[in-house]
Amino acid sequence: MARSKNKCGTMGSNCTSAEKKIRYYKIRTLDSEQKYGIACKNLAELKQKACRKFQLDFPTTRLCLYEDGTELSEEYLKTVADNTVLLLLTPRQMWQGYVSDVERFLNAFYTRQSSIVEAALKLLADEDAPKRQKLLVDFISNLNENILAENREDDESWFEGIEPRFKNKSNYMKYSCESRVRSYMKEVQSHTDSVDPVTRDEYKRIIDAMCDELKAVKYNGCYFDRTEQKPNRLCTSEGWFSCQGPFDANACTSKHSINPYSNRESRILFSTWNLDHVIEKKRTIIPCLVNTLKERNERQVNWQYFFSLLFTKENLKLVHIACHKKTSHNLSCDCSQIYRKRKAPKRTLK
């Protein structure tokens, strides 16, 4: 008995094979969230139909997965499941999947900042749950920033509680850093009375030399000053500081960051961040300096080495309070640097 033909006009098995070649995808562009379903047999047909739908130039476009930005080839398209969302890109457009989506969201978020703050304030007024209150307060605080403002008259709320003599943010931040470094010097000076009388005068002489050097570098206040040149500051030109991680790590795994220039609350919170001595000041550096003086004999103490450990970013790390480990660091000074190297005598010609 002859086999009957189906509606396709072909034998059943051949029709099924043909139907399997048709694939269905959802296509969108970066400029629109509207998605269109397109049926195709291959990549060329898919691009052609997509370009027609979005009125784009066919030869210059390319397709990629919306999920992760993988560009499509003919072979790769065969592995992509039906109804997968694809993105049609023009020559200058780039897409990295959800990472790009988050970036686009943040950009849109900050361009509508004032209206979002207003909406959040309305929500906060009617909110009683403590956890939701905190989320809203933190959210509003982060949005209610005036990072670019520098002068007092442009951001008066930032200067609340600060003496009138400070006219701009950078000067106050510089003063804040200077104060920290001055406190380190006071600790070194306060140790004078406990130094052995035999070496006390030399200890005082070295401390005086360090004081002169600190004055010359303005107590390294440049570390917190965003107007300083890049090598001299610890922040970006906008004033963002990143935690450098605990003394025993190369980086901060929590990616702590803060901009004390943004608002008053961030300025106050930044005061809890530490300039932590990697080689410890009280436990190691000062005792090593005293011991070096005792054992120097005819050698000259390399006080500049101790200066760098006590007062410069060579041995100071800016760390979030959670990354400030107060346990013993168990690190020692470099014995090869505590004394000045003697110059070899010049040879005289006979």
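Sequence order as written defines the numbering, with residues in each chain counted from 1. Per-residue local features of the predicted model are confined to residues with pLDDT of at least 70, and side-chain atom pairs are confined, for both listing and counting, to 80 or more; whole-chain, interface and lining totals are unaffected and use all residues. Side-chain metrics in this entry use all non-hydrogen atoms of the structure; hydrogen atoms and water are not considered.

1. Things to note about the overall build of the protein
Counting from the N terminus, the helices are DSSP H or I runs at least four residues long and the strands are E runs at least two residues long. When helices and strands are counted, the protein shows 11 helices and eight strands. Here the protein holds 350 residues, and the buried ones make up 40% of them. For this analysis, residues touch if any pair of their heavy atoms sits within 4.5 Å. For the protein, contacts bridging at least 24 residues in sequence account for 62% of all contacts bridging at least 6. As presented, the protein carries roughly 22,300 Å² of accessible surface, and 50% of it is formed by carbon and sulfur atoms. Only protein chains enter the area calculation, which uses a 1.4 Å probe; residues under 20% of their type maximum are buried, those over 50% are exposed, and those in between are partly exposed. Only the protein chains shown count as cover for residues, and the accessible areas themselves come from Shrake-Rupley with a 1.4 Å probe.

2. Some words on the side chain of Asn-315
Along the polypeptide, Asn-315 turns up in the loop between helix H11 (303–311) and strand S8 (316–319). According to the relative accessible area criterion, Asn-315 is buried, its value standing at 3%. Two N or O atoms count as a polar contact when they lie within 3.5 Å, although within protein this holds only if one can serve as hydrogen donor and the other as acceptor, and sequence-adjacent residues are included solely when both atoms are side-chain atoms. A polar side-chain atom of Asn-315 sits 2.9 Å from the main-chain amide nitrogen of Ile-279.

3. Looking at the nonpolar core
Membership of the largest hydrophobic core comes to 55 residues, with the highest contact counts inside it found for Tyr-203, Met-210, Phe-224, Phe-241, Phe-306 and Phe-311. For this core, the secondary-structure elements that each account for two or more residues are helix H7 (169–190), helix H8 (197–216), helix H10 (281–294), H11 and S8. When near neighbours in sequence (up to four residues on either side) are disregarded, Phe-306 contacts Met-210, Ile-285, Cys-288, Leu-289, Thr-292, Val-301, Cys-333 and Ile-338. Tyr-25, Cys-40, Leu-43 and Leu-77 belong to the second-largest nonpolar core, a separate cluster that totals 16 residues. The criterion is simple. A nonpolar core is a set of buried Ala, Val, Leu, Ile, Met, Phe, Trp, Tyr and Cys residues joined through side-chain atoms within 4.5 Å.

4. Description of the packing of H7 against H8
Here, axes are lines fitted to C-alpha atoms. For helices the fit covers the stretch in contact, and angles between N-to-C directions go from 0 to 180 degrees. The geometry of H7 relative to H8 is characterised by a closest axis approach of 11 Å and an angle of 170° between their N-to-C directions. Viewed along their axes, H7 and H8 adopt a mutual orientation that is roughly antiparallel. In this structure, H7 uses Val-181, Met-185, Val-188 and Gln-189 to contact H8, whose residues at the interface are Tyr-203, Ile-207, Met-210, Cys-211 and Leu-214. Roughly parallel here means an angle under 35 degrees, roughly antiparallel means over 145, roughly perpendicular means 65 to 115, and every remaining angle is called oblique.

5. Some details on the layout of surface pockets
Rolling a probe over the atoms, with the probe sized like a water molecule, indicates the empty space that remains. Computed from the structure, the largest pocket encloses a volume of approximately 380 Å³. Taken together, the elements giving at least two residues each to the lining of the largest pocket come down to H7, strand S7 (274–277) and H10. If you tally residues by element for the lining of the largest pocket, the top one is S7, at four residues. Just so you know the grouping, Ala, Val, Leu, Ile, Met, Phe, Trp, Tyr, Cys and Pro go in nonpolar, Asp, Glu, Lys and Arg go in charged, and all remaining residues, Gly too, go in polar. Residue composition of the lining of the largest pocket, by class: three nonpolar, six polar and nine charged. Residues are called lining when one of their atoms sits within 4 Å of a cavity or pocket point, these points coming from a 1 Å grid over the protein atoms alone, where a cavity is a set in which a 1.4 Å probe fits but cannot get out and a pocket is an open set with protein on both sides within 12 Å along at least five of seven lines. Grid points are joined across faces, edges and corners, and a volume is the space filled by probe spheres set on the points.

6. A closer look at H8
Given 3.6 residues to a turn, an α-helix orients residues that are three or four positions apart in the same direction. With 20 residues, H8 should reach 28 Å at 1.5 Å per residue; the first-to-last C-alpha distance of 29 Å fits that figure. Within H8, burial applies to Thr-199, Glu-202, Tyr-203, Ile-206, Ile-207, Ala-209, Met-210, Cys-211 and Leu-214. The distance from a side-chain oxygen at the start of H8 to the backbone nitrogen of Val-198 is 2.8 Å, and the residue carrying that oxygen is Asp-196. Lys-218 sits one or two residues past H8 and shows a positive phi near 55°. To estimate the expected span of a helix, subtract one from its residue number and multiply by 1.5 Å.

7. A look at the environment of Gly-97
Along the polypeptide, Gly-97 turns up in the loop between strand S4 (85–89) and helix H4 (98–111). Residue Gly-97 is classed as buried on the basis of its relative accessible area of 0%. For the pair Gly-97 and Asp-68, spaced 29 residues apart in sequence, the C-alpha to C-alpha distance is 3.7 Å. When residues no more than four places from it in sequence are discounted, the contact partners of Gly-97 are Tyr-66, Glu-67, Asp-68 and Gly-69.

8. Looking at the packing of H10 against H11
The N-to-C vectors of H10 and H11 enclose an angle of 165°; their axes lie 11 Å apart at closest approach. Judged by the inter-axis angle, H10 sits roughly antiparallel to H11. Seen from above, H10 lies across H11 with left-handed handedness. Across from Lys-281, Ile-285, Cys-288, Leu-289 and Thr-292 in H10, the residues of H11 making contact are Phe-306, Leu-309 and Leu-310. Its residues assigned to classes, the contact of H10 with H11 shows six nonpolar, one polar and one charged. Crossings are sorted by hand: turned counterclockwise from the far helix by less than a right angle, the near helix makes the crossing left-handed, and turned clockwise it makes it right-handed.

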